[in-house]
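Fold and contact review
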Amino acid sequence: MLTIIGNERVDSNEKIAVRNPANGEIIDYVPSLSRDEVRKAIDIAFDSFSKLNSITPAKRSKALMETASIIRENANDLAVTMTKETGRPIKSSRAEIERTAQIFELASSELRRALEGEFVPLDLYDFPAGNEKRIAFIKREPIGVVGAITPFNFPAASFAHKVAPALAVGNTVVFKPSSLTPLTQIKLAEIVSKKFPVGSVNVITGSSEMIGEEFISNDKVSLITFTGSVNVGLDLASKAVKNGKRVIMELGGSDAMIVLEDADIDKAVKAALVGRFDFAGQFCNATKRVIVRQEIEKDFSDKLRSELQKYKAGDPMDESVDIPPLISEQAVMRMREFLNDAIKEGGEKIFEGKVPEKGYYFPPVVVKLQPTSRSRILREEVFGPILPIVPVKSDDEAINIANSTQYGLDASIFSSNFSRAYEIASKLRAGTIIINDTTRLRWDNLPFGGMLKSGIGRESVINTMMEMTETKLMVYSR
Ligand code: NAD
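Computed from a predicted structure; not experimentally measured.

**Side note on the side chain of Ser 373**
Mapped onto the secondary structure, Ser 373 falls in the loop between β15 (365-368) and β16 (386-392). In this structure the side chain of Ser 373 is engaged in a polar contact, spanning 3.0 Å, whose partner is the backbone nitrogen of Ser 375. Excluding residues within four positions of it along the chain, Ser 373 makes contact with Glu 345 and Leu 378.

**Examining the site of the ligand**
If you check the shell around the ligand, you find 25 residues, and the closest are Thr 150, Ser 208, Ser 229, Leu 251 and Glu 381. Contact distances for the ligand include 2.6 Å between an oxygen atom and a backbone N or O atom of Thr 150. A distance of 3.5 Å separates an oxygen atom of the ligand from a polar atom in the backbone of Ser 178. Considered on its own, the ligand offers 850 Å² of accessible surface; in the complex 86% of this is hidden by protein. Going through the elements one at a time, α7 (208-217) and β10 (221-227) are the ones with two or more residues in the shell around the ligand. With three residues, α7 is the largest single contributor of residues to the shell around the ligand. Each residue belonging to the shell around the ligand can be placed in one class, and the counts come to 11 nonpolar, 10 polar and four charged.

**Here's the deal with the environment of Arg 112**
Examined against the element boundaries, Arg 112 turns out to sit in helix α4 (residues 90-115). Distance from Arg 112 to Ile 462, taken between C-alpha atoms, is 9.8 Å for residues 350 residues apart in sequence. Within polar-contact distance, the side chain of Arg 112 engages the side chain of Ser 61 at 3.4 Å.

**A look at the nonpolar core**
In terms of nonpolar packing, the biggest core is built from 52 residues, with Leu 64, Ile 71, Phe 104, Phe 159, Val 163, Val 201 and Met 465 touching the most fellow members. For Phe 159, the residues in contact, after removing those within four places along its chain, are Phe 104, Ala 164, Phe 175, Gln 185, Leu 188, Ala 189, Val 192 and Val 201. Membership of the second largest hydrophobic core comes to 39 residues, among which are Ile 258, Phe 362, Ile 377 and Val 382.

**Notes on the packing of helix α3 (residues 75-86) against α4**
Orientation of α3 relative to α4, taken along the N-to-C sense of each, is 130°, at an axis distance of 8 Å. Regarding the angle of α3 to α4, the classification is oblique. Regarding α3 and α4, the two cross each other, and that crossing is right-handed. Along its contact with α3, which presents Ala 75, Asn 76, Leu 78, Ala 79, Val 80, Met 82 and Thr 83, the element α4 presents Ile 90, Ser 93, Arg 94, Glu 96 and Ile 97. In terms of residue class, the contact of α3 with α4 is made up of seven nonpolar, three polar and two charged.

**Points about the packing of helix α2 (residues 57-73) against α4**
The interhelical angle for the contact between α2 and α4, taken along N-to-C directions, is 170°, at an axis separation of 8 Å. For the element pair α2 / α4, the angle class is roughly antiparallel. Listed contacts from α4 to Pro 57, Arg 60, Ser 61, Leu 64, Met 65, Thr 67, Ala 68, Ile 71 and Arg 72 of α2 are Ile 97, Glu 98, Thr 100, Ala 101, Gln 102, Phe 104, Glu 105, Ala 107, Ser 108, Leu 111, Arg 112 and Leu 115.

**Quick word on the domain arrangement of the protein**
Partitioning the protein into structural domains gives domain 1 (3-251 + 454-477) and domain 2 (255-444). Using only C-alpha atoms to locate each centre, domain 1 and domain 2 end up separated by 31 Å. Interface of domain 1 and domain 2: buried area, both sides summed, is about 2500 Å²; carbon and sulfur atoms make up 59% of it. The three residues of domain 1 that bury the most area against domain 2 are Pro 21, Phe 152 and Ser 454, which together make up 20% of that side's buried surface. Across the domain 1-domain 2 interface, the total number found is five salt bridges. Between Glu 319 and Arg 94 there is a salt bridge whose closest N-O contact spans 3.0 Å. Inspection of the domain 1/domain 2 interface yields 11 residue pairs in polar contact (both at pLDDT 80 or more). Looking at the side of domain 1 that touches domain 2, the elements that each hand over two or more residues are α3 and α4. No other element matches the six residues that α4 contributes to the side of domain 1 that touches domain 2. When grouped by side-chain class, the residues that make up the side of domain 1 that touches domain 2 number 13 nonpolar, 10 polar and nine charged.

Criteria and cut-off values
Residues numbered from 1 in each chain as written. Predicted model: local features only at pLDDT ≥ 70, side-chain atom pairs only at ≥ 80, totals over all residues. Heavy atoms only, no water. Helix = DSSP H or I, 4+ residues; strand = E, 2+ residues; numbered from the N terminus. Polar contact = N/O pair within 3.5 Å; in protein donor to acceptor, adjacent residues only side chain to side chain. Contact = heavy atoms within 4.5 Å. Near = heavy atom within 4 Å. Areas by Shrake-Rupley, 256 points an atom, 1.4 Å probe, with all protein chains shown as cover. Nonpolar A, V, L, I, M, F, W, Y, C, P; charged D, E, K, R; others polar. Core = buried A, V, L, I, M, F, W, Y, C linked by side-chain atoms within 4.5 Å. Buried < 20%, exposed > 50% of the residue type's maximum accessible area, 1.4 Å probe, protein only. Axes fitted to C-alpha atoms, helices over the stretch in contact; angles between N-to-C directions. Parallel < 35°, antiparallel > 145°, perpendicular 65-115°, else oblique. Left-handed = near helix turned anticlockwise from the far one by under 90°. Domains from an automatic or database assignment. Buried area = accessible area lost by both parts, 1.4 Å probe. Salt bridge = Lys/Arg side-chain N within 4 Å of Asp/Glu carboxyl O.

Dropping the structure here:
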């Protein structure tokens, strides 16, 4: 598939192969652009800024609504493309395409809230002297060219989270997909291009390092919005900030789920299953550690095993499949290393499912670990279907273990006592804490993002608009 820059389809001699993780076969190629071609795309986005801003925000709002309609008209093709390149179960891809349309609609309405200014009569304040004759206006202006980088795991919604707010407030975008999953995003950019001026959104495919370096060093890029792993994101952020750029970083997580002895165990089991095994655990806000009061640990683990037994692994195009493949062979190898380490560190494997031999599959696994274990799966981000269960004796012990990683994305607590859950929630270091439901929930109108190394900034549609605009103060003195 050719990429799209300045509304034109662009090819190159060098290519990147895109594979279907369900069988390892090549499904398409995208161009591997040279640094000059990347610069040209940034020039096009820069030149398109004035064109985009010659359209009123009211008209941009309408164009966002129309974009959402075209996404829905193409929903089947987009969902199938996404499943083929990510391995995500088709039912889940369909839901994400609908969510993508909804994010564009949300941006269409939220842009009014983001761009409404403020008027302040300064005679409200004595200082500085002379305020009787002054008035102030505060307005928000677009920041310029946004360089966007996304991970492999949710190409449609991550595209919408970056592109829709950017266009809404008047920013143009140079967009770098994951080289593993560029196809859905090129198709989405083509749809957006039908409704926005030439060059408003440009997709660049090629070497990640080279594109990252160009975003950091190119003066025409004002802001870098990155979703991906902690190490890549923080390295990029530190260099970008050094060059005076704004950054939004949505990074990894190791979300803990705490189950107290007064919890509804069936509900907690269901949440753990969805949280850890949806899309084989490849979500930033997947439930990556379960910490359970020892009084109910056996009951919880037995129920979890018996439900997990019913999970079906297989071809993600099959509507009834629960456990799809991982994104790559390397991802499967990483899971093997994590599991071996957990067993070496005293872990007891209490469940292992079955998966097809062909394709990048790894079985769902549940490992029981003692709170003192030094296992990597309790400290690092595990992007795959391994669920550690840690029995604890007290609420304080649960909190300590939950807070024992460098991450702080989401957490969940299961208890029938709201005050007790609230008390624990206020001691957890996480950007989102959900009581009696799965960590996998996310609302695109509410702030989402991480504490500690899980991120910089928040990414709801309105939060992103705020991060992607400059605040300008104008004062008039009579
Ligand atoms: P990744 O960090 O390997 O890659 C993310 C993106 O960065 C890709 O487009 C990749 O090509 C690019 N990249 C890699 N090296 C780069 C470099 N040196 N310079 C510039 N770009 C570079 O992550 P991944 O494996 O694609 O995705 C999984 C990670 O993303 C997990 O850590 C997950 O938690 C995180 N994630 C976070 C959120 C969130 O909202 N917080 C959402 C989804 C995924």
